[in-house]
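# Fold and geometry: a report
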Amino acid sequence: MLSIKKFAAIDIGSNAVRLLISTITEPDNKPVTFKKTSLVRVPIRLGQDVFTTSYISDESLERMVDTMKAFSLLMKSHKIEAYRACATSAMRDARNGQAVAEKIASDCKIDIDIIDGTDEASIIAATDLHSLVDNNKTYLYVDVGGGSTEFTLFSNGKTIESKSFKLGTVRILNNTISEDVWTEAEHWIKSVTKPYSRIEMVGSGGNINNIFKSSHKKLGKPLSFFYLSSYYQLLNSLTYEERISELSLNEDRADVIIPATKIYLSAMKWSRSKSVHVPKIGLVDGIIKSLYQNSKADYL
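Residues numbered from 1 in each chain as written. Predicted model: local features only at pLDDT ≥ 70, side-chain atom pairs only at ≥ 80, totals over all residues. Heavy atoms only, no water.

## Some points on the environment of Glu246
Inspection of the secondary structure assignment puts Glu246 in helix H11 (residues 240–247). As for Glu246 and Ser295, which are separated by 49 residues in sequence, their C-alpha atoms are 46 Å apart. (Helix = DSSP H or I, 4+ residues; strand = E, 2+ residues; numbered from the N terminus.)

This is the structure in structure tokens:
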């Protein structure tokens with residue numbers, strides 16, 4: 001008997017807010033399939049407020065409420081069974097983050113979990129990552145966001161170590177990152193990857209997805225360090241306006257893509273990785289997977 005379920009995931013990030021509605025199909029005696037039915041992204045950029053003033057502004061709050069009301073209606077229209085909304089770096093750093101969450105719960109009937117970096121890394125690790133990597137190899141998984149970057153080391157199909165750093169693209173743009181954070185990340189990556197002779201990197205986040213798309217490579221083929229480095233040089237050679245007109249980047253992508261590429265290149269250098277795989281997964285995918293697993297556990 002065929003079972004069809006719909007779940008929704010909301011990612012309230014430092015650069016953008018996303019809603020993913022996924023349809024899960026469970027055929028008899030066949031693998032479960034996850035289909036992205038709808039993906040909506042709104043570039044509110046909460047980090048712009050929080051990383052400079054420590055507060056989410058009234059204007060951003062108003063946009064958040066409007067967005068969440070729209071998300072609520074979309075979830076209702078799609079008749080989803082369950083949802084989870086997770087807020088990351090910007091909201092956990094905002095002094096009024098909890099008050100904003102309460103306002104959204106009251107006005108939009110959406111409950112928000114403000115998660116820490118460790119939770120964020122573990123949710124992302126719950127994605128299809130394990131089915132995409134070779135269990136005999138060692139990988140450094142790098143998820144770059146607006147407020148933080150999550151690093152996870154996988155070897156022989158298992159998570160070895162995971163750590164979150166306040167190394168985010170919006171923070172870098174606003175010059176709110178000290179050199180110590182870069183140094184700490186470098187030392188951590190070099191330390192955890194040192195015992196392994198060969199490391200391959202896996203990258204996630206809107207920026208690396210965008211770079212992969214521009215490379216016109218087939219899905220499953222990695223980007224080389226040389227390609228990423230060349231693209232970084234190209235980005236830096238263009239003005240903000242040229243990056244929008246010549247590379248067809250969105251306005252909210254054309255600035256953050258440079259610091260994001262710097263983070264990926266740095267991680268590749270520190271881990272001695274020569275290539276980066278881009279499987280197009282992220283926090284929303286991990287939330288969907290965890291909702292599905294929880295639904296199976298409840299059923300059992």
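Let's pick the thread back up.
## Observations regarding the sheet that holds strand E4 (residues 82–87)
The strands making up a sheet associate through backbone hydrogen bonding, with each pair oriented either parallel or antiparallel. The strand order across the open sheet built from five strands is E3-E2-E1-E4-E5, with neighbouring strands paired in mixed fashion. The open sheet terminates on both sides in strands that have one partner only, identified here as strand E3 (33–42) and strand E5 (112–114). Going from strand to strand, the sheet's axes swing by 20° on average, the running direction of each strand aside. Examined bridge by bridge, E4 and E5 share three bridges and lie parallel to one another. Bridging from a neighbouring strand, Ala87 pairs with Ile114 of E5. (Pairing = 2+ DSSP bridges. Axes fitted to C-alpha atoms, helices over the stretch in contact; angles between N-to-C directions.)

## Digging into the environment of Asp119
For Asp119, the location among the structural elements is in helix H5 (residues 117–125). Residue classification places Asp119 among the partly exposed positions, given a relative accessible area of 36%. Taking the C-alpha atoms as reference, Asp119 lies 23 Å from Thr176; in sequence the two are 57 residues apart. (Buried < 20%, exposed > 50% of the residue type's maximum accessible area, 1.4 Å probe, protein only.)

## Topic: the environment of Ala267
Checked against the element boundaries, Ala267 lands in helix H12 (residues 257–271). Apart from the residues within four sequence positions on either side, Ala267 is in contact with Leu140, Val142, Phe151, Ile189 and Met201. (Contact = heavy atoms within 4.5 Å.)

## Focus on a negative patch on the surface
Together, Asp58, Glu59, Glu62 and Asp66 give the surface a local cluster of negative charge. Along the chain, the position of Asp66 falls in helix H2 (residues 58–78). Relative accessible area serves as the criterion here: at 48%, Asp66 is assigned to the partly exposed category. (Patch = residues over 30% accessible without salt bridge, like charges linked within 9 Å, V, L, I, M, F, W, Y side chains within 5 Å. Areas by Shrake-Rupley, 256 points an atom, 1.4 Å probe, with all protein chains shown as cover. Salt bridge = Lys/Arg side-chain N within 4 Å of Asp/Glu carboxyl O. Lys, Arg positive; Asp, Glu negative; His and termini not counted. Charge placed at Lys NZ, Arg CZ, Asp CG, Glu CD.)

## Remarks on the pattern of salt bridges
As enumerated under the stated definition, the model contains 13 salt bridges in all. With a closest N to O distance of 3.3 Å, Lys36 and Asp285 form a salt bridge. Of the two residues, Lys36 sits in strand E3 while Asp285 sits in helix H13 (residues 283–299), which places them 249 residues apart along the sequence. For Asp285, a relative accessible area of 13% corresponds to the buried category. For Lys190, the salt bridge goes to Glu186, with nearest N and O atoms at 2.7 Å. Remark: Glu186 and Lys190 occur in helix H8 (residues 179–193); sequence separation between them is four residues, near one turn of the helix. Residue class for Lys190 comes out partly exposed when judged on its relative accessible area of 40%. If you follow the salt bridges from partner to partner, you end up with Asp93, Lys166 and Arg171 in one network.

## A look at the side chain of Ser148
Relative to the helices and strands, Ser148 resides in the loop between strand E6 (138–144) and strand E7 (149–155). Look at Ser148 and you get buried, because its relative accessible area is 4%. A distance of 3.1 Å separates polar atoms of two side chains, one belonging to Ser148 and the other to Glu150. Beyond its immediate sequence surroundings of up to four residues, Ser148 is in contact with Ser89, Arg92, Glu120, Asp143, Ser164, Phe165, Lys166, Leu167 and Gly168. (Polar contact = N/O pair within 3.5 Å; in protein donor to acceptor, adjacent residues only side chain to side chain.)

## Some thoughts on the side chain of Glu150
By the secondary structure assignment, Glu150 is in strand E7. Put simply, Glu150 is tucked away with no salt bridge, and the nearest opposite charge, on Arg92, sits 4.3 Å away. At 2.4 Å, the side chain of Glu150 forms a polar contact with the side chain of Ser164. In this structure, Glu150 is in contact with Arg92, Gly117, Glu120, Ala121, Tyr141, Val142, Asp143, Lys163 and Ser164, ignoring residues within four places of it in sequence.

## With respect to the packing of helix H9 (residues 206–215) against H12
Angle between the axes and distance between the axes: these two values describe a pair of packed helices. Between H9 and H12, the shortest axis-to-axis distance is 9 Å and the interhelical angle comes to 90°. Relative to H12, the element H9 is oriented roughly perpendicular. Side by side, H9 and H12 meet where Asn207, Ile208, Asn210 and Ile211 of the first sit next to Ile257, Ala260, Thr261 and Tyr264 of the second. (Parallel < 35°, antiparallel > 145°, perpendicular 65-115°, else oblique.)

## Thoughts on the nonpolar core
Nonpolar side chains in soluble globular proteins generally cluster together in the buried interior. One finds Leu140, Val142, Phe151, Leu167, Met201, Leu228 and Tyr264 to be the most contacted residues of the largest nonpolar core, which totals 36 residues. If you list the elements that add at least two residues to this core, you get E6, E7, H8, H9, helix H10 (225–237) and H12. In terms of residue count, the dominant contributor to this core is H12 (nine residues). By size, the runner-up hydrophobic cluster in this structure holds 31 residues, among which are Leu19, Ile44, Ile56 and Val100. (Core = buried A, V, L, I, M, F, W, Y, C linked by side-chain atoms within 4.5 Å.)

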